[in-house]
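Remarks on the overall topology
Below are the chains, spelled out letter by letter.
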Amino acid sequence: MNLFTSDDVELTHDQAEKEIKSLQKEINHHNTLYYIKDSPVITDAEYDKLMRRLQEIEKTYPNLITPDSPTQRVGAAPLGEFAEVQHSIPLLSLAKAFDAGELSDFESRLNRMMPEAKFDYVCELKFDGLAVMLKYEKGIFVQGATRGDGFRGEDITLNLKTVRTIPLRLLNPDDVEIPDILEVRGEVFMTRESFDNLNKNRADKGESLFANPRNAAAGSLRQLDSHITAQRNLDMFVYSLATPVEGIETHYQALQYMKKFGFHINEYTKVLPDMASVIKFCEEWIERRSELTYDIDGVVVKINSLKLQEELGAVSRSPRWAIAYKLPSTEVVTKLLDIEVSVGRTGSLTPVAILEPQEVDGSVVSRATLHNEDEIKRKDIKIGDYVLIHKAGSVIPEVISPVKEKRDGTEKDFILPKSCPVCGEEVFRPEGEAATRCMNMECPAQVKERIRHFASRRALDIEGFGEKLVEKLVENGLVKQPADLYDLKVEDLLPLERMGKKLAEKLVNNVKKAKNKELAQVLYALGIRHVGQHIAKVLADHFETIDNLAKASEAELEDIHEVGPEVASSIVEFFSLEKNRRITEKLESEGVIKKPIEGDNKEKAGEKKLAGMKFVLTGTLQNFSRTEMKKLIESHGGRVTSSVSKGTDYVLFGTDPGSKYRKAEKIGVSTINLEDFFEILKEDSNSPQGTQSFK
Ligand code: IVH
């Protein structure tokens, strides 16, 4: 049997069990190499193959799925709320030291309390994330919880299962036994890169932004739906062993012990003999923090001996044997020279502060994102202000606030331009969103992304038009908007790098084939904001042609079940741009959009009874709520709108009809009662009278 290609798993239960175990072991091994040791030995594709094979077998034998299987990291069914977890030993917090003097005070206190003792220290980075505990029973991860108030936290097991560096099953080292119960603690965090990507993504979607990686990590861990957590790329450093283990006498040994089980242990931890070297370590990290891919906010200094730790104990919820040295963040004043507006690849306008260059913690800062219009208003920032800047989480330059005392009256309010700084078309801020956007399909800032989306598999599925080719096409001026693809000729493509005649012909042919597509597919391909595949289908069913859709008003759109105000205004805004209309007209004339079935043919094709008809409802409709009636009409292809106009086909009235009924009479729109309406729906659509009697 071919191991990796079959869809059907032809294994006996016993064989399946054996293979599942071996695959799990192999995948866990590669997970450790990849996520913990940063030294993978197989390619992503090979890893995916193993994972797919495991999924396949588990699909055939679901009773063999164990909670620690690597396939279980993708998220589980959403919870209603988190359960409460009582911590076996409270999660304490740390006393703080803000300078070398306070570190020396810490040492003096220790000397006073233990004049005889000789101790060394462990210095660890203080990760800026969220404290959590993990519990293992016989080597299997069974529970994870937040710190909460230190005594009780929230059960976030499902979310923690999605964090790749948390072992679901402990590795089985040769030289140590897996204890029956093991509890460890540590910090869940997000790297700055993952944070930036997440925020970029959220900005593109007009969603609110996370202020820093710590908030993003916290927000991700507190999701009731673990599928969301699974997409957030969280990581965890384990920094303490909560269950005592025989033979382990120092904190540093405990860290090495936990490392053997596959936990992510930070590489910069050091054992140091005295306070002078501890202070040096702290000073070193003031300089070095920006080298890291994640945020730290200090250094944690711990006494290495576990016995001494126990003897020293804790006072008011902080242990006496540890202290957190807080790294200073430098705040610098500089002048805000201007605010530029950049346009992202999906059209969002982002104001960027242009600053008089200033050195902050080791590098020169001259630009800083201001996120959006509201952020500038909230911070009351004006062009020409002196502003306080720092590096948020040590790396990302951020404007904290204006220095209002330094204002001389020449400062100017920032006004977000009404037109796109790249293409000049009018911009638009959707209701309830923080981002303002350019909706022009031809906008050079967005054109690559729009074309790539247009040709992508879920849109028009034009094979061969991936990111690289699209980039070349745009950069060589061969396409300026998606519909230009249909003008491409073999001769146009030939001069491109790595393009042979055969490939060029194939590509042109692929475009030619991408015609006569369903309207829903084309609507989705246009990349109108908020119009995903499902809404595209709803719109296509309702309007049948792109012209009808382009002419629809916001009110008309909102009348459609499932279309909310955001979708409606986004569509109207899209079609209000002349350039976008020209593109859709071209798509029509090129035959990209399948023609709707018309007139009599509609009936022949078994088309829906009320197709294309507009209804307005008035009065009490017997046992039907408005929503139910609307759904019923829509399920037969009709539409319900809120106000009566000449374009209305019928006013459907119940008892006590209101002013809409009178208006219909006045302007000559047909009215119909419920009985007649149902009569018509009942009629056999194949009978010739059936359709004629309606109007
Ligand atoms: S030890 C009793 N080590 O700092 C000591 N804490 O106030 C328990 N933190 O929210 C903590 N990095 O999550 C320890 N290397 C580290 C740490 C660390 C970050 C956090 C911890 C807690 C806070 C302590």
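Check the entry above for the structure.
A quick note: this is a predicted structure, and the numbers were derived from the prediction, not measured. (Residues numbered from 1 in each chain as written. Predicted model: local features only at pLDDT ≥ 70, side-chain atom pairs only at ≥ 80, totals over all residues. Heavy atoms only, no water.)

1. Section: the nonpolar core
- Grouped together as the largest cluster of nonpolar side chains are 61 residues, with contacts concentrated most on I462, F465, L485, Y486, L539, L557 and L587.
- In this structure, V163, L168, V238 and A254 belong to the second largest nonpolar core, which totals 34 residues. (Core = buried A, V, L, I, M, F, W, Y, C linked by side-chain atoms within 4.5 Å. Buried < 20%, exposed > 50% of the residue type's maximum accessible area, 1.4 Å probe, protein only.)

2. Regarding the site of the ligand
- Around the ligand, the surrounding shell holds 13 residues, and the nearest of these are L94, E124, L125, E187 and Y239.
- Residue F127 places a main-chain N or O atom 3.1 Å away from a nitrogen atom belonging to the ligand.
- With respect to the ligand, the side chain of E187 contributes an N or O atom lying 2.2 Å from an oxygen atom.
- In the complex, the protein chains occlude 87% of the 520 Å² of accessible area that the ligand would expose alone.
- Mapped by element, the contributors of at least two residues to the shell around the ligand are β3 (121-127) and β10 (296-303).
- Per-element accounting of the shell around the ligand gives the leading share, four residues, to β3.
- The residue makeup of the shell around the ligand, split by class, is eight nonpolar, one polar and four charged. (Near = heavy atom within 4 Å. Polar contact = N/O pair within 3.5 Å; in protein donor to acceptor, adjacent residues only side chain to side chain. Areas by Shrake-Rupley, 256 points an atom, 1.4 Å probe, with all protein chains shown as cover. Helix = DSSP H or I, 4+ residues; strand = E, 2+ residues; numbered from the N terminus. Nonpolar A, V, L, I, M, F, W, Y, C, P; charged D, E, K, R; others polar.)

3. A look at the packing of helix α3 (residues 100-113) against helix α9 (residues 275-288)
- Close contact between α3 and α9 brings their axes to 10 Å; oriented N to C, the two are set at 145°. α3 and α9 meet at a crossing whose hand is right-handed. Note on element contacts: α9 touches α3 through M275, I279 and C282, opposite A100, L103, S104, F106 and E107.
- Its residues assigned to classes, the contact of α3 with α9 comprises six nonpolar, one polar and one charged. (Axes fitted to C-alpha atoms, helices over the stretch in contact; angles between N-to-C directions. Left-handed = near helix turned anticlockwise from the far one by under 90°. Contact = heavy atoms within 4.5 Å.)

4. What to know about helix α8 (residues 251-260)
- Taken together, the buried positions of α8 are occupied by H251, A254, L255, Y257 and M258. Looking straight down α8, one finds that the buried residues subtend no more than 160° of arc, so they occupy a single side.
- Those residues of α8 that are buried are in contact with β3, β7 (181-190), β8 (234-241), β10 and α10 (306-312).
- Count one or two residues on from α8 and you reach G262, which has phi positive near 105°. (Arc of directions from axis to C-beta.)

5. A word on the environment of Y136
- By the secondary structure assignment, Y136 is in strand β4 (residues 130-137).
- Excluding residues within four positions of it along the chain, Y136 makes contact with F141, V142, I166, P167, L168, L170, D180, I181, L182 and F263.
- Of the polar contacts made by the side chain of Y136, one reaches the backbone oxygen of P167; its length is 2.6 Å.

6. Digging into the packing of helix α1 (residues 13-36) against helix α2 (residues 44-60)
- Relative orientation of the contacting elements α1 and α2 amounts to 150°, with a least axis distance of 10 Å. If you check the angle between α1 and α2, you find them roughly antiparallel. By crossing handedness, the relation of α1 to α2 is classed as left-handed. Only D44, Y47, L50, M51, R53, L54, I57 and E58 of α2 make contact with α1, whose side of the interface consists of A16, E19, I20, L23, Q24, E26, I27, H30, N31 and Y34.
- For the contact of α1 with α2, the residue count by class is ten nonpolar, three polar and five charged. (Parallel < 35°, antiparallel > 145°, perpendicular 65-115°, else oblique.)

7. Looking at the sheet that holds strand β21 (residues 614-618)
- Spatially, β22-β21-β23-β24 is the arrangement adopted by the four strands of the open sheet, whose pairing is parallel. Looking at the sheet topology across the chains shown, the edges are occupied by β22 (639-640) and β24 (670-673).
- Here two bridges tie β21 to β22, and the two strands are oriented parallel to one another. Opposite F615, over in β22, you have V640 as the bridge partner.
- Sitting on the sheet, helix α23 (residues 626-635) is in contact with β21, β22 and β23 (650-653), with an inclination near 160° to β21. (Pairing = 2+ DSSP bridges.)

8. Regarding the packing of aromatic side chains
- All told, the structure shown has 18 aromatic pairs when counted by the stated rule.
- Plain terms: the ring middles of Y136 and F263 are 5.4 Å apart, the flat faces sit at 85° to each other, and that makes the pair edge-to-face. Residue Y136 is located in strand β4, and its partner F263 is located in the loop between α8 and β9 (270-272); the two are separated by 127 residues in the primary sequence.
- With a centroid separation of 5.9 Å and 25° between ring planes, the pair formed by F615 and Y650 is classed as stacked. Pair noted here: F615 is in strand β21 and Y650 is in strand β23, with a separation of 35 residues, a long-range link.
- A relative accessible area of 0% means that F615 is categorised as buried.
- Taking relative accessible area as the criterion, Y650 reaches 4% and is therefore assigned buried.
- A network of ring pairs unites the aromatic residues F615, F624, Y650, F677 and F678 as a single cluster. (Phe/Tyr/Trp six-rings, centres within 6.5 Å; stacked < 30°, edge-to-face > 60°.)

9. Some points on the pattern of salt bridges
- Applying the stated criterion to the full structure yields 39 salt bridges.
- For D295, the salt bridge identified is with R192, shortest N-O distance 2.5 Å. Placement of the pair is D295 in the loop between α9 and β10 and R192 in helix α5 (residues 192-204), with a sequence separation of 103 residues. The pair D295 / R192 is uniform in exposure class, with both members buried.
- Between E556 and R639 there is a salt bridge; the shortest N-O distance is 3.2 Å. Placement of E556 in helix α19 (residues 554-558) and of R639 in strand β22 is noted, with a sequence separation of 83 residues between them. (Salt bridge = Lys/Arg side-chain N within 4 Å of Asp/Glu carboxyl O.)

10. Regarding the environment of H251
- Among the secondary structure elements, H251 is positioned in helix α8.
- Residues H251 and V399, spaced 148 residues apart in sequence, show a C-alpha to C-alpha distance of 40 Å.
- Setting aside its immediate chain neighbours within four residues, H251 contacts V122, E124, Y239, S240, K302, I303, N304, L306 and Q309.

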